[in-house]
Amino acid sequence: MTQKAENGRIRNIAIIAHVDHGKTTLVDAMFKQSGVFREGKEIDERIMDSMDLERERGITIAAKNCSVIWEGIKTNILDTPGHADFGAEVERALSMVEGAILLVDASEGPLPQTRFVLKKALQANLKIITVINKIDRADARIQEVLDEIYDLFIDLDATDEQIDFPVLYAIGRDGLAKREMEDDSKDLQPLFETILDFIPPPVYKENEPFQMLVSDLGHSDYTGRLAIGKIANGQVSSKDELVLIGKEGTPKSIRISSLQLYQGTVLAVAPSAEPGDIAVVSGTDEFEIGDTICTKEQPKPLPRITVDEPTVSMRFTISDSPFSGMEGKLVQSSRIRERLEKEALANVAVSVEDSREKGVFIVKGRGEFQMAILVETMRREGFELCVGRPEVIYKTGPKGETLEPVETLYVDCDEEFTGVVTEKLSIRKGRLTNLVNRRGMVAMEFSVPSRALIGYRDEFLTDTKGTGIMNAIFEGYEPYRGDFPTRRTGSLISDRKGRAVPYALYNLEPRGRLVISPGTPVYKGMIIGEHSKHNDLEVNPCKEKKLTNMRASGKDDSTVCAPVKPLTLEHALNFLNEDEMVEVTPKSIRIRKRDLHGSRKL
C-alpha cells in the first residue's frame, strides 16, 4: 500500500473575503515583511491587482498566485475574488490549497460574499484562520463581529474541528497582526507563525508517479499557453516527456518545454518541482482547465474541477449600426467568437454557444456583473460589438415544471426606506425572510428570483437615496414564481442620423430623462433617453431653431440643458428592454433598438 507523506517545506493558502475587506492590501504587507522587495524599492499599492479594471474598481476579478518565504518555508498565497459572480475563480484557487485565511472587516462583519467564499472553503475541508481586519476603525465592533463569524460557521454546518479556528486581529494597511487585542505587536509575525503552525503541509503519496491538475491557465508570448496547478504526486523536471488527459480521457503526448515556480510576485524558471509546489508548465496549446498532466508509463487522471452551473445568458453580436467600424479595430464576428472561446477556455464558469441567428453568440455565465466585466475587457482590447439584455437561464423540473434561479438578497438601509424596498421587491416576487433593526439601520433578507435583480440596482439606489447596500447570493432553482412588470417606461428614439443640438434636447427634457448630451452623434433607432410614459417615442434630437430676420420683442428662452449622468456599461445593461441592445466600442457606449428600421410601439 502506498504510504502518505508530507512536504513540510511548503504551505499553500488562499485569502478569502467579501469585496473591499482588505485582502490585497494584506498581501502587500506580507510581501514587504517577508523580504520579497529589496529595501528602498518603490512599489505600487495593491500589487496583486494587476488588471486595469481591478485598479479602477478596487476589486479583485481574477485569482492570482504569489509566494513568500518565512523561516525557510515557502508559502504560496492565492488572492481570490470576493464577488460571487467570479465564483469559478474562487473554486479554482481552493483546489490548489490546504488552508485559507478568512478576512473580515471589524465594522461590517461577515457579508454575503463572505458566506459564499467560506461555504466553498468548508466544502473543500480546508483549515481556516480567521483574521478580523481594520481593527483601528472608529466604528469597529470586534466582539460582535467575532460572534457573527461563529454564527456563520454554525449556519454553514461546519464541523467541530472547523469551528475551532485561530483568531487574529489585524490592521492590514499598517502591516500588523496580533493574537489578542491587548498584545503589542508591530508586524505580521503572529500571522506567519499561525500559518506555519496551523495550516497543514501538502500531502502526497510516496512512490506514486507524477500527477498535476490544471487549475488555471496563463499565456506567454514566448512559450504559448501555460498550465497552472498544484503537483499532487511525484516530481517533474523541465524537458520531461509526459501525457495530457483531457475530457475524453485519451492521453496525448506532450513535452515540458518550460517549468516555472512563483518567487514573490514573479515567475522564475526552475529545473524541477516537487509535490505540493504550485507549478507553471508549458509544452502544448491544448491545455484546458480540469486536465491532468501525468507520466506516460502510468497515466492516472485526477478528478476534474466542477463549478456551479451558469445562471445568466447574454447575446453577443456584431454591430450593424451606421457608426460600425469607426471606433473599433476588431469588428468581425469571427474575431468576436475567437475572443469569447478564449474566455471560455480560461474561465470554466463561462460557456459560448451559437444561436439560430447568423453572427449571434449566446454567452452563459454566473451573473450580470461577470458579463459586464467581460464586455468592458473586450472593448478595452479594441472590440466593437453589441450585447443584449441579460436573461436568466430556466430549467425543467422532474414533473415538467419550469424552474428558475433564485437568490438570497441582503439589504442594508435606513429604517425610513424599509417600506419602499419591501414594496418594490414584493412586486418582483420577492419574499421577506428576515429583518433586524440595528438602531435605525435595518438589515433585511429576501428570497428573490434572479430575474428580479436585473435592472433593479439603479432603482434601489434611487429609492434609498444612494445610502442602501445590496448583495445577493445564488441559492438554487425553484418553481417559476410568475410574471411581473420590468421597466415601466418607454424609450426616446432618434428618428434620424445627425448630431444632437442643445435647442432640441432642451425641448425634449420634459418628455423624459436623457442619456446623451449636446454634440453627441446619433442615428436612426438609437435611444437617447427614457420616456416618462410606458410607450416608445420617436423624436428629433437634431432639430435646430429656425432663424428669421425679425427681432424678438423679448429675450429668447434659455437653452441650457440639464447635466446628463455619464452612461456606464452597467447602467446601460440595467436600462435595456427586451427589444434593445447596447452598442459597445472602445470610445462609446450607446443604447439602440435591436431592429433599427423596424416598427415602433408608438
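By convention here, each chain's residues receive numbers from 1 onward along its written sequence. Where local features are concerned, this predicted model is filtered to residues with pLDDT of at least 70; where side-chain atom pairs are given and counted, the filter is 80 or more; whole-chain, interface and lining totals use all residues. The side-chain numbers reported here are obtained from all heavy atoms of the structure, hydrogens and water having been left aside.

Asker: Mind showing me how you'd approach the overall build of the protein here?
Answerer: When its secondary structure is counted, the protein shows 14 helices and 38 strands. For every residue, the accessible area (1.4 Å probe, protein chains only) is compared with the maximum for its type, and the residue is labelled buried under 20%, exposed over 50%, or partly exposed between those bounds. Across the 602 residues that make up the protein, the buried fraction comes to 54%. Contacts between residues were defined by any pair of non-hydrogen atoms, one from each residue, lying within 4.5 Å. Long-range pairs, those at least 24 residues apart, make up 71% of the contacts in the protein with a sequence separation of at least 6. All accessibility values rest on the Shrake-Rupley procedure with a 1.4 Å probe; residue burial counts only the protein chains present in the view. Only carbon and sulfur atoms are counted for the fraction: they give 47% of the accessible area of the protein, which is about 28600 Å². Helix numbers and strand numbers start at the N terminus; a helix is a DSSP run of H or I with at least 4 residues, a strand a run of E with at least 2.

Asker: When you look at the nonpolar core in this model, what are you seeing that I'm missing?
Answerer: Nonpolar side chains in soluble globular proteins generally cluster together in the buried interior. Leu 94, Leu 102, Leu 118, Ile 128, Ile 132, Ile 149 and Phe 153 are the most contacted members of the largest nonpolar core, which totals 40 residues. Top contributing element to this core by residue count: helix α5 (residues 142-155), with six residues. When residues no more than four places from it in sequence are discounted, the contact partners of Leu 118 are Ile 16, Leu 102, Ile 128, Leu 152, Phe 153 and Leu 156. The criterion is simple. A nonpolar core is a set of buried Ala, Val, Leu, Ile, Met, Phe, Trp, Tyr and Cys residues joined through side-chain atoms within 4.5 Å. Core analysis: the next-biggest nonpolar cluster, separate from the first, contains 27 residues, Val 363, Met 371, Val 375 and Leu 569 among them.

Asker: Is there a simple way to explain the pairing of strand β29 (residues 441-449) in this structure?
Answerer: Each regular strand displays side chains that alternate between the two surfaces of the sheet. The buried fraction of β29 amounts to seven of the nine residues, a majority that puts the element mostly inside the structure. When strand β27 (residues 402-414) meets β29, the two strands line up antiparallel, connected through nine bridges. Directly across from Cys 413, in β29, lies its bridge partner Val 442. Between any two strands, pairing holds if DSSP finds at least two bridges. Two successive antiparallel strands, strand β28 (residues 431-438) and β29, enclose a turn made up of two residues, where Arg 439 displays a positive phi of approximately 50°.

Asker: Would you take a moment to explain the pattern of salt bridges for this structure?
Answerer: Side chains that differ in charge, positive against negative, can pair when their charged atoms come close. A pairing counts as a salt bridge when a side-chain nitrogen of Lys or Arg comes within 4 Å of a carboxyl oxygen of Asp or Glu. Summed over all chains, the structure comprises 37 salt bridges. One salt bridge in this structure joins Asp 174 and Arg 173, with 3.5 Å as the shortest N-O distance. Classification of Arg 173 by relative accessible area gives exposed; the value is 62%. For Arg 339, the salt bridge is made with Glu 343, and the minimal N-O distance between the two is 3.1 Å. Pair noted here: Arg 339 and Glu 343 are both in helix α8 (residues 333-346), with a separation of four residues, about one helical turn. Residues Arg 339 and Glu 343 agree in their burial class; the two are buried.

Asker: Is there a simple way to explain the packing of aromatic side chains in this structure?
Answerer: Two aromatic rings, taken as a pair, are described by how far apart their centres are and by the angle between their planes. Pairing of aromatic side chains here covers Phe, Tyr and the six-membered ring of Trp, requires ring centres within 6.5 Å, and sorts the geometry by plane angle: under 30 degrees stacked, over 60 edge-to-face, intermediate tilted. The full count for this structure, using the stated rule, is six aromatic pairs. Where Trp 70 meets Phe 192, the ring centres are 4.3 Å apart and the plane angle is 10°; that geometry is what we call stacked. Residue Trp 70 is located in strand β3 (residues 64-70), and its partner Phe 192 is located in helix α7 (residues 189-198); the two are separated by 122 residues in the primary sequence. Exposure class is identical for Trp 70 and Phe 192. Each is buried. Ring geometry for Phe 323 and Tyr 523: centres 5.1 Å apart, planes at 90°, overall edge-to-face. With Phe 323 in the loop between β21 (312-317) and α8 and Tyr 523 in the loop between β34 (521-522) and β35 (526-531), this pair connects stretches of sequence that are 200 residues apart. A residue is classified by how much of its surface remains accessible, and Phe 323, at 8% relative accessible area, is buried. Assessed through its relative accessible area of 0%, Tyr 523 is described here as buried. Site record: aromatic cluster; members linked through ring pairs are Tyr 150, Phe 153 and Phe 165.

Asker: Help me out: how do you make sense of helix α10 (residues 418-427) in this one?
Answerer: Given 3.6 residues per turn, any residue in an α-helix points the same way as the ones three and four places further on. Those residues of α10 lying buried are Thr 418, Val 421 and Leu 425. Axial view of α10: buried residues confined to an arc of 75°, hence all on one face. The elements touched by buried residues of α10 are β27, β28, β29 and α12 (456-463). Taken from the residues just after α10, Lys 429 is the one with a positive phi, measuring 70°. By arc we mean the arc of the directions from the helix axis to the C-beta atoms, nothing more.

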